[in-house]
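Below, each chain spelled out in residue letters.
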Amino acid sequence: QAPLVESGGGWVQPGGSLRLSCSVSGSTLDDSDYYAIGWFRQAPGKGRERVSCINSSDGSGVYADSVKGRFTISRDVAKRIVYLQMNSLKPEDTAVYYCATPTIIVQAKCVTGPSPSWGQGTQVTVSS
């Protein structure tokens, strides 16, 4: 089992919703790793794009401009799961979504550490 495992992807029509999960259950990650999880995505032919991460100090979310107001990051501490609720999905949201740790916040942007752990990704397809 990978240190991080994403799930919840699939196909939806524009305007639809999905909730992605990043699970650390069964991993050996420390609390610091769990609290420093971020979401990223990669579309075909493009580089990996930051999406969202949690400010571990207060649990608030940091979001890329492209998803602000539509996506919400949250966590279930007991289950060791970080969620990404995606609403009002657009075709341009189509990508493979990954979670990673550690992810820190630098000037309101989510940035991975030098040797991050990545999940295998989950495909999100938004089309008619």
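Since the structure is predicted, the reported quantities are computational estimates derived from the model, not experimental observations.

Reading the values: the criteria
- Residues numbered from 1 in each chain as written.
- Predicted model: local features only at pLDDT ≥ 70, side-chain atom pairs only at ≥ 80, totals over all residues.
- Heavy atoms only, no water.
- Core = buried A, V, L, I, M, F, W, Y, C linked by side-chain atoms within 4.5 Å.
- Buried < 20%, exposed > 50% of the residue type's maximum accessible area, 1.4 Å probe, protein only.
- Helix = DSSP H or I, 4+ residues; strand = E, 2+ residues; numbered from the N terminus.
- Disulfide = S-S within 2.5 Å.
- 1 Å grid on protein atoms, 1.4 Å probe; cavity = no way out; pocket = protein on both sides within 12 Å on 5 of 7 lines; lining within 4 Å.
- Points joined across faces, edges and corners; volume = space filled by probe spheres on them.
- Nonpolar A, V, L, I, M, F, W, Y, C, P; charged D, E, K, R; others polar.
- Phe/Tyr/Trp six-rings, centres within 6.5 Å; stacked < 30°, edge-to-face > 60°.
- Lys NZ or Arg CZ within 6 Å of the ring centre and 35° of its normal.

1. Here we look at the nonpolar core
Part 1: Trp-39, Phe-71, Leu-84, Met-86 and Tyr-97 are the most contacted members of the largest nonpolar core, which totals 24 residues.
Part 2: Sorting the residues of this core by element identifies β3 (18-23), β5 (49-54), β7 (71-76), β8 (81-86), β9 (95-106) and β11 (122-126) as the ones contributing at least two each.

2. Some remarks on the state of the cysteines
Part 1: Evaluation of the coordinates by the stated rule reveals 2 disulfides.
Part 2: A disulfide bridge connects Cys-22 with Cys-99, and the sulfur atoms are separated by 2.1 Å. Taking the sign of the torsion about the S-S bond as the criterion, the disulfide between Cys-22 and Cys-99, at about 75°, is right-handed. One end of the pair, Cys-22, is in strand β3; the other, Cys-99, is in strand β9, with 77 residues separating them in the sequence. For the pair formed by Cys-22 and Cys-99, the shared burial category is buried.

3. Brief notes about unusual backbone geometry
Part 1: Residue Thr-101 is joined to Pro-102 through a cis peptide bond whose omega torsion reads -5°.
Part 2: In this fold, Pro-102 is placed in strand β9.
Part 3: Although it is not a glycine, Ser-88 adopts a positive phi angle of roughly 50°.
Part 4: In this fold, Ser-88 is placed in the loop between β8 and β9.
Part 5: With a relative accessible area of 41%, Ser-88 lands in the partly exposed category.
Part 6: Of note in this structure, Ala-108 is not a glycine but carries a positive phi near 70°.
Part 7: In this fold, Ala-108 is placed in the loop between β9 and β10 (109-118).
Part 8: Note on Ala-108: relative accessible area 57%, which makes it exposed.

4. Quick notes on the layout of surface pockets
Empty space among the atoms becomes visible once a probe the size of a water molecule is rolled across them.
Part 1: In this structure, the largest pocket encloses a volume near 150 Å³.
Part 2: Lining the largest pocket we find 13 residues, and of these Tyr-63, Ala-64, Asp-65, Ala-108 and Lys-109 sit closest to its centre.
Part 3: Residue assignment for the lining of the largest pocket shows that the elements contributing at least two residues are β5, β6 (61-63) and β10.
Part 4: With 4 residues, β5 is the single largest residue contributor to the lining of the largest pocket.
Part 5: In terms of residue class, the lining of the largest pocket is made up of 6 nonpolar, 2 polar and 5 charged.

5. Things to note about the packing of aromatic side chains
Part 1: Scanning the entire structure with this criterion turns up 2 aromatic pairs.
Part 2: Summarising the aromatic geometry, the rings of Phe-40 and Trp-118 are spaced 5.2 Å apart at their centres and angled 65° between planes, so their arrangement reads as edge-to-face. A residue pair is termed long-range when its members are at least 10 positions apart, and Phe-40 in strand β4 (residues 38-42) and Trp-118 in strand β10 qualify at 78 residues.
Part 3: For the pair Tyr-98 and Trp-118, a centre-to-centre distance of 6.3 Å together with 90° between the ring planes defines the contact as edge-to-face. Placement of Tyr-98 in strand β9 and of Trp-118 in strand β10 is noted, with a sequence separation of 20 residues between them.
Part 4: Owing to a relative accessible area of 23%, Trp-118 belongs among the partly exposed residues under this scheme.
Part 5: Linked through ring pairs, Phe-40, Tyr-98 and Trp-118 together constitute an aromatic cluster.
Part 6: The lysine or arginine in question, Arg-48, covers the ring of Tyr-98, its NZ or CZ lying 5.0 Å from the ring centre.

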